[in-house]
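Remarks on the overall topology
Next come the chains, spelled out residue by residue.
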Amino acid sequence: MAIRRTRALIVGLVAVLASGLVSVLAGTGIAHADSALISVYSPSMDKDIPVKVLKAAGGGPAPTLYLLDGLRAPDDNNGWLIETDVENFFAGKHVNVVIPFGGGGTFYSDWLRDDPKLGRVKWETFLTKELPPVMASQFGSDGVNNAVAGLSMSGTSALNLATHHPDFYKAVASYSGYPTASSPGFAQGIQVSVAQMGGNALNMWGFWPSATWLRNDPLLNVGALRGKSVYISSGAGSAAGDPTVDPDSKSFDPVKFSQTVPLETASGLSSRSFVPAAKAAGANLHTHIADEGLHTWNYWQDRLHESWASTLAPALGTS
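Residues numbered from 1 in each chain as written. Predicted model: local features only at pLDDT ≥ 70, side-chain atom pairs only at ≥ 80, totals over all residues. Heavy atoms only, no water.

Re the overall build of the protein chain
What the protein chain contains, in helices and strands, is 10 helices and eight strands. With an accessible surface of roughly 12,400 Å², the protein chain has 55% of that area assigned to carbon and sulfur atoms. (Helix = DSSP H or I, 4+ residues; strand = E, 2+ residues; numbered from the N terminus. Areas by Shrake-Rupley, 256 points an atom, 1.4 Å probe, with all protein chains shown as cover.)

The structure is reproduced here in structure tokens:
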């Protein structure tokens, strides 16, 4: 019976994660802020990457927040700009907010091999080695006070970047991420989600569970977060307060349910497993783990606001 339950859970998680790791629902629109759209050449990927920079207010050296997109990140925009109030929220704040375009299906990782569809993928190198000097020279980033945050796919990515480069990042935030990336069910879901974007996960991290898969599992590398400011959030896909995702409601929307509930349920399982490990590792941990919360941009917008006040801004020495 236990074996059957385990198999059922694995199959369920594969189906959950395969549905996209991020939903695309309408958000709140865009407010104007002092910003610049630049093109940054990546030698490691041999291409130009568009980057939107929300400029720090107040002048002088500034901390930097790298804000990553989800699985279906477009090459010509970023979900945070399309779906949330991020430009308005950071207007007037003394922080450079770096919002790169692209990276869909890549987990913002350095892949082992070139991919026929996604090409040469070296996002980790770009974000930690190639982009920071541009931020320092063109926008006055201080190079010391850095944080990274992401949602769904990139919630996992943000935690991986922070564990791989603990000397670079002072803080990290994961919104509805999957920090048990190499665990059965979650790993298979990641493989299928990469395939949905046309990529081959064998080119990303090799055969599961290879050493590269283990390196990109935040739970297995949580010790690197000792002393770091860490924010973890996830819901559990509860239908409370939203009849459109309640199967017993006359307003039930099966499409919205499939896009928002199973993914957040899986994130809740993964994030709840990660929290005690992060506490034990000595991370300066802040959490928002609750039954309420769906895999939607308005939920991630609220968590960004919350994590900025509780975790990111204090770690970066700003407000």
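What about the pattern of salt bridges?
In the structure shown here, the tally under the stated rule is five salt bridges. Linking arginine 120 and aspartate 114 is a salt bridge whose minimum nitrogen-to-oxygen distance equals 2.8 Å. Aspartate 291 is the partner of arginine 272 in a salt bridge, and the nearest nitrogen-oxygen pair spans 3.6 Å. Residue arginine 272 is located in helix 9 (residues 254–281), and its partner aspartate 291 is located in the loop between strand 8 (284–289) and helix 10 (297–316); the two are separated by 19 residues in the primary sequence. (Salt bridge = Lys/Arg side-chain N within 4 Å of Asp/Glu carboxyl O.)

Some words on the side chain of threonine 156
Tracing the chain through its elements places threonine 156 in helix 5 (residues 153–164). Beyond its immediate chain neighbours, meaning those up to four positions away, threonine 156 contacts Phe107, Ser174, Gly177, Tyr178, Pro179, Ala181 and Pro218. (Contact = heavy atoms within 4.5 Å.)

With respect to the nonpolar core
Counting 51 residues, the largest nonpolar core has Val51, Phe126, Leu131 and Leu225 as its most contacted members. Per element, the largest residue contribution to this core is seven residues, and it comes from helix 4 (residues 123–139). Those residues in contact with valine 51 that lie beyond four places of it in its chain are Ala36, Leu37, Ile38, Val40, Val98, Ile99, Pro100, Phe126 and Leu131. (Core = buried A, V, L, I, M, F, W, Y, C linked by side-chain atoms within 4.5 Å. Buried < 20%, exposed > 50% of the residue type's maximum accessible area, 1.4 Å probe, protein only.)

Here we look at the environment of leucine 269
Position of leucine 269 relative to the elements: it lies in helix 9. It is 9.7 Å that separates the C-alpha atoms of leucine 269 and proline 179, two residues lying 90 residues apart in sequence.

Describing the packing of aromatic side chains
Summed over the entire model, instances satisfying the criterion amount to 13 aromatic pairs. With a centroid separation of 4.9 Å and an interplanar angle of 85°, the aromatic rings of tryptophan 205 and tryptophan 213 are classed as edge-to-face. For the pair shown, tryptophan 205 and tryptophan 213 are each scored as buried. When the ring centre of phenylalanine 89 is taken as origin, the NZ or CZ atom of lysine 93, which lies over that ring, is 4.2 Å away. (Phe/Tyr/Trp six-rings, centres within 6.5 Å; stacked < 30°, edge-to-face > 60°. Lys NZ or Arg CZ within 6 Å of the ring centre and 35° of its normal.)

Considerations on helix 5
Look at helix 5: 17 Å from first C-alpha to last across 12 residues, which is about the 16 Å you get at 1.5 Å a residue. Taken residue by residue, helix 5 has Met153, Ser154, Gly155, Thr156, Ser157, Ala158, Leu159, Asn160, Leu161, Ala162, Thr163 and His164 as its buried positions. (Expected span 1.5 Å × (residues − 1).)

A closer look at the sheet that holds strand 4 (residues 96–100)
Across a sheet, strands are paired by hydrogen bonds formed along the backbone, either parallel or antiparallel in direction. The strand order 1-2-4-3-5-6-7-8 describes an open sheet built from eight strands, whose pairing is mixed. Whereas interior strands pair on both sides, the edge strands pair on one side only; in this sheet they are strand 1 (35–42) and strand 8. Sheet twist, expressed as the average angle between the axes of neighbouring strands with direction ignored, equals 20°. Strands strand 1, strand 2 (47–54), strand 3 (62–67), strand 4 and strand 5 (141–151) of the sheet are contacted by helix 4, whose axis makes an angle of about 130° with strand 1. (Pairing = 2+ DSSP bridges. Axes fitted to C-alpha atoms, helices over the stretch in contact; angles between N-to-C directions.)

Here we look at empty space enclosed by the protein
Scanning the model with the defined rule gives one cavity of 30 Å³ or more in all. For the largest cavity, the calculated volume is near 40 Å³. Surrounding the largest cavity, Phe107, Tyr108, Ser109, Glu124, Ser157, Asn160, Leu161, His164 and Asn216 form its lining. Ranked by the residues each element gives to the lining of the largest cavity, the list is headed by helix 5, at four residues. (1 Å grid on protein atoms, 1.4 Å probe; cavity = no way out; pocket = protein on both sides within 12 Å on 5 of 7 lines; lining within 4 Å. Points joined across faces, edges and corners; volume = space filled by probe spheres on them.)

As for the confidence of the model for the protein chain
Residues at a pLDDT of 70 or more form 82% of the protein chain, whose mean pLDDT is 88. Within the model, the stretch residues 1–11 combines pLDDT values under 50 with three contacts to residues more than four positions away or in other chains. Contacts of residues 22–31 to residues separated by more than four positions or lying in other chains number 37 contacts, the stretch itself having pLDDT below 50. (pLDDT = per-residue confidence, 0-100.)

A short note on helix 6 (residues 186–196)
Looking at helix 6, one finds that the buried residues are Phe186, Ala187, Gln188, Gly189, Ile190, Ser193 and Val194. Immediately beyond the C-terminal end of helix 6, within one or two residues, lies glycine 198, with a positive phi of roughly 90°.

A short note on unusual backbone geometry
A cis amide bond, omega 0°, links tryptophan 208 with the succeeding residue proline 209. Mapping proline 209 onto the fold places it in the loop between helix 7 (201–205) and helix 8 (211–215). In this model, phenylalanine 107 sits at a positive phi of 55°, which is unusual for a non-glycine residue. Secondary-structure assignment places phenylalanine 107 in the loop between strand 4 and helix 4. For phenylalanine 107, a relative accessible area of 3% gives the class buried. In this model, tyrosine 108 sits at a positive phi of 45°, which is unusual for a non-glycine residue. Locating tyrosine 108 in the fold gives a position in the loop between strand 4 and helix 4. Assessed through its relative accessible area of 1%, tyrosine 108 is described here as buried.

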